[in-house]
Amino acid sequence: MGLLSDPNRRRALITLLTRLNAPICVVCYMAGVAWFMGLAFEPFTLRTYMSENAMGSTMVEERFPAGERALATGREFAARKRKAGGMPVDWLVKTMQDRGLEVFTQRFSRTLPFPDENKERYMVKGTNVYGILRAPRAPRTEALVLSAPCSPGDNNNQAVGLLLGLVQYFRNQIYWAKDIIFLVNEHDLIGMQAWLEGYHHTNTTGMDWSPLQGRGGSIQAALSLELSSDVVTSLDLVLEGLNGQLPNLDLANLFYAFCQKIGVLCTIQGKLQRNDWDSVSGYSHAVQTMMLMVMKQASGRPWGDHGLFLRYHIEAATIKGINSFRQYKTDATTIGRLLEGMYRKLNNLLERLHQSYFFYLMPSLSHFVSIGYYMPAFGLLAAILFMRALDLWVQLTAPPPPEDGVAHIKQSSPGVLSVLTPLVISHVTGVALYALPVHFQEVAVEHFPVSETEAVVLTAIAVYTAGLALPHNTHRLLSGEGTEQGWRVLKLVAVLYLAVLLGCTAVINFSLGFILALTLVPIAAFVTPHVPKVLSAFILVLLSPACTLLFSVFFFQELQEMPVSFQEGWMLFLSVISQGILDHSLYGSLVYPLIALLIYPCWLLFWNILFWN
């Protein structure tokens, strides 16, 4: 404390920090990246363990016997689906009723803001079918959910068959202390969104749905099942939900524990676990797995039906059957036993899952990285912004040199409008980027030979590009020429603004905050009006939010070991933009408004500083 309370020592410390500002920033950036890359090294991670005592032992004996019968039911469901041209509602209702459930249906409809060309739909209408197995040994105040989406074509028929097989088996057991809801939802996430809104009496997305006629207790946990083949070689656990939310780690631990007990091959991000962590290939595999999780979490979209449950504080995950590792094979009976064991453990819960971590990364199913381990990597990047802010503040408050008093008088009084106007215009541009693409699609379709989806995406790109020409001349219109003190004030505001933005984003969605920090922090640290314009402008564009998204598309494909050409990557980039806008409109994803309304305007401020003079 004496160092900060003594004016002379404090002045010496500030002088040292400002003199070594650039080297310290470079060291912090390199240390932050190195820290993050080291998180996948197994000695730096924690081994997973069960924190919830009620789920600590897997000594229950699983006896589900009807795997082949479940597959036969799935084939019958597929035939009925083909005959009906969609979900066979009447057949599902009758089948669930024959198995002793209270069965209800829910109709819903949703008009998309523009056509979803990936799934060829615009006006979506469908029906959800769900049955409730009432708890025989409890007051029915709590519930568990097992869902299987009714997907188009031949997808996921086996999952519906296994769900119906588990209905018949669970109905004959007497130990259930919670209601179990078996849900078959149509139109994947849209149907799930309608059912969750109806179950919780909320309507946050403007969807039309009929009220639910039957309800269970408060939902404690949920699993979504995706099986599209009679032959399953491994089960993949999908955790990433809406806006980067993750379920409690104990749910992943429970899945891994039963996979180990029953002998089922399990993966995360589609990657098998390796034991050679001390080799280069083993470490590379762990980095690849962890980076896939980071990229999926940063996208902010739900990667399975489970992702929408997390918004309601319901711990949920998707179990996906994979048919790729040919030397292994898992039958439907084994998968049913695994689900039986997991639900029997969840049935023992006395309270919601809360004792384990909600913020984590997983380089494998047996190891995880907690928030206390990965946040320092972001903190080192954020420290650069505060170092630059300190340097700018010292420059702004430093007394003028004696021989340059007249120049100082001119520099020390930048007009308020010359600083405020770029702030306002940058954010107005962000509002235009957020609002115009959807609202101007009809005008674009009338005047250009494009579809509605293409009109939305191209309008967004046009507004984004036009924003580069607007802010950097505004201060000249007001003051004739930008002052030296003026750009420092603007940069100080922009740097602190960016620090707050990235900090809040990293708390909610660490992966998104860290990726944005990797690209935006170097810009914020070193852009000034005195650097070479052409080269600096090129670097700023490369590190802009749009180019970051483009690079992320190619990087994600490389991580999945599915590299694409530039043309294919560009089409994926356009698809990601349209999907981001749709996800915001349909499910409430916050990534698109965050980028359009806050991150992009903040980047424009640094673009304005570059062209200040």
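Placed above this text is the structure.
Residues numbered from 1 in each chain as written. Predicted model: local features only at pLDDT ≥ 70, side-chain atom pairs only at ≥ 80, totals over all residues. Heavy atoms only, no water.

Engineer: Teacher, can you tell me more about the state of the cysteines here?
Structural biologist: Enumeration over the complete set of coordinates arrives at zero disulfides. Of the cysteine sulfurs around C28, a residue in no disulfide, the closest is that of C25, at 6.6 Å. (Disulfide = S-S within 2.5 Å.)

Engineer: Explanation requested: the environment of E186 in the structure shown.
Structural biologist: Summarising the element assignment, E186 is placed in the loop between β5 (179–184) and α7 (188–199). With 99 residues separating them in the primary sequence, E186 and M87 have C-alpha atoms 6.9 Å apart. Apart from the residues within four sequence positions on either side, E186 is in contact with M87, F108, G126, T127, N128, C150 and G191. One polar contact links the side chain of E186 to the main-chain amide nitrogen of T127, over a distance of 2.9 Å. (Helix = DSSP H or I, 4+ residues; strand = E, 2+ residues; numbered from the N terminus. Contact = heavy atoms within 4.5 Å. Polar contact = N/O pair within 3.5 Å; in protein donor to acceptor, adjacent residues only side chain to side chain.)

Engineer: Looking at this structure, how should I read the sheet that holds strand β9 (residues 266–268)?
Structural biologist: Think of a sheet as strands paired side by side through backbone hydrogen bonds, with each pair either parallel or antiparallel. Spatial ordering of the open sheet is given by β6-β2-β3-β5-β4-β7-β10-β8-β9, a layout of nine strands whose pairing is mixed. Each of the sheet's edge strands pairs with one partner strand only, and the pair in question is β6 (208–209) and β9. Note: strand β4 (residues 142–147) against strand β7 (residues 218–226), six bridges, orientation parallel. Among the inter-strand pairings, S147 is bridged to a residue of β7, identified as S224. In the packing of helix α8 (residues 249–262) onto the sheet, contacts are made with β7, β8 (234–238), β9 and β10 (315–322), and the angle to β10 comes to roughly 35°. (Pairing = 2+ DSSP bridges. Axes fitted to C-alpha atoms, helices over the stretch in contact; angles between N-to-C directions.)

Engineer: Just checking my understanding: could you explain the pairing of β10 for this structure?
Structural biologist: Here is the key point about a regular strand: its side chains alternate between the two faces of the sheet. Among the eight residues that make up β10, six are buried, leaving the element largely enclosed by the rest of the structure. Direction of pairing for β7 relative to β10: parallel, over a ladder of six bridges. From the neighbouring strand, S224 faces β10, where its bridge partner is T318. (Buried < 20%, exposed > 50% of the residue type's maximum accessible area, 1.4 Å probe, protein only.)

Engineer: Honestly, the packing of helix α3 (residues 21–38) against helix α18 (residues 510–526) in this entry has me stumped. Any pointers?
Structural biologist: Packed helices, taken two at a time, are described by the angle between their axes plus the distance between the axes. It is at 12 Å that the axes of α3 and α18 come closest, and there the two elements cross at 160°. When the axis of α3 is compared with that of α18, the two are roughly antiparallel. Considering the relative orientation of α3 and α18, their crossing is left-handed. Of α18, the residues touching α3 (which contributes A22, C25, V26, Y29, G32, V33 and F36) are F510, F514, L518, P522 and F526. A per-class count over the contact of α3 with α18 returns 11 nonpolar, one polar and no charged. (Parallel < 35°, antiparallel > 145°, perpendicular 65-115°, else oblique. Left-handed = near helix turned anticlockwise from the far one by under 90°. Nonpolar A, V, L, I, M, F, W, Y, C, P; charged D, E, K, R; others polar.)

Engineer: How should the nonpolar core be read in this particular structure?
Structural biologist: Most often, soluble globular proteins have nonpolar side chains that are buried together. F36, W195, F309, W603 and F606 are the most contacted members of the largest nonpolar core, which totals 111 residues. The leading source of residues in this core is helix α22 (residues 591–610), at 14 residues. Ignoring any residue separated from it by four or fewer positions in sequence, one finds F309 in contact with V145, M192, W195, L196, A222, I314 and A316. Residues M55, W91, Y256 and L349 belong to the second largest nonpolar core, which totals 69 residues. (Core = buried A, V, L, I, M, F, W, Y, C linked by side-chain atoms within 4.5 Å.)

Engineer: So what exactly am I meant to see when it comes to unusual backbone geometry here?
Structural biologist: Most peptide bonds take the trans configuration, and most residues that are not glycine carry a negative phi. Even without being glycine, D188 reaches a positive phi, approximately 40°. With respect to the helices and strands, D188 occurs in helix α7. The backbone phi angle of H313 is positive, close to 60°, even though this residue is not glycine. Position of H313 among the secondary structure elements: in the loop between α9 (280–299) and β10.

Engineer: Teacher, can you tell me more about the sheet that holds strand β11 (residues 360–364) here?
Structural biologist: A sheet is described by the order of its strands in space; here three strands give the open sequence β1-β12-β11, paired in antiparallel fashion. Each edge of the open sheet is held by one strand with a lone partner, namely β1 (46–47) and β11. Bridging between β1 and strand β12 (residues 367–370) involves two bridges; their strand directions are antiparallel. The partner of L46 across the bridge, within β12, is F368.

Engineer: What's the story with the pattern of salt bridges in this structure? I'm lost.
Structural biologist: A side chain of one charge can pair with a side chain of the opposite charge if their charged atoms are brought near each other. A complete count under the given rule lists 13 salt bridges for this structure. Residue R75 is joined to D230 by a salt bridge in which the shortest nitrogen-to-oxygen separation is 3.4 Å. Here D230 lies in the loop between β7 and β8 and R75 lies in helix α4 (residues 67–84), a separation of 155 residues in the sequence. Given a relative accessible area of 45%, R75 falls into the partly exposed group. Across the pair R82 and D154 runs a salt bridge, and its minimum N-O distance is 3.6 Å. Residue R82 is located in helix α4, and its partner D154 is located in the loop between β4 and α6 (157–171); the two are separated by 72 residues in the primary sequence. Where salt bridges share partners, they join E102, R134 and D179 into one cluster. (Salt bridge = Lys/Arg side-chain N within 4 Å of Asp/Glu carboxyl O.)

Engineer: I tried to follow the side chain of S589 on my own but got confused; where do I start?
Structural biologist: Turning to its location among the elements, S589 is positioned in the loop between α21 (566–587) and α22. Only 3.5 Å separates the side chain of S589 from the backbone oxygen of G300, close enough to count as a polar contact.

Engineer: Before we go on, may I ask you to explain a nonpolar patch on the surface in this structure?
Structural biologist: On the surface, a cluster of nonpolar side chains totalling about 460 Å² of accessible area is made up of V416, L417, L420, V424 and V428. Note that V424 resides in helix α13 (residues 416–439). Residue V424 is classed as partly exposed on the basis of its relative accessible area, which comes to 45%. (Patch = residues over 30% accessible without salt bridge, like charges linked within 9 Å, V, L, I, M, F, W, Y side chains within 5 Å. Areas by Shrake-Rupley, 256 points an atom, 1.4 Å probe, with all protein chains shown as cover.)

Engineer: Sorry if this is basic, but what is going on with the environment of V231 here?
Structural biologist: Of note, V231 is situated in the loop between β7 and β8. Of the residues examined, V231 reaches a relative accessible area of 31% and is grouped as partly exposed. Separated by 92 residues in sequence, V231 and N323 place their C-alpha atoms 6.4 Å apart.

Engineer: What exactly am I supposed to notice about the environment of E61 here?
Structural biologist: Within the secondary structure, E61 sits in the loop between β1 and α4. At 3.4 Å, the side chain of E61 forms a polar contact with the side chain of R63.

Engineer: Would you explain the pairing of β11 in this entry?
Structural biologist: Extensive coverage of β11 is indicated by the burial of five of its five residues. Two strands pair when backbone bridges link them, and β11 and β12 are joined in this way by three bridges, in the antiparallel orientation. Within the sheet, the bridge partner assigned to L361 lies in β12 and is V369. Following β11, the chain reverses through two residues before pairing antiparallel with β12.

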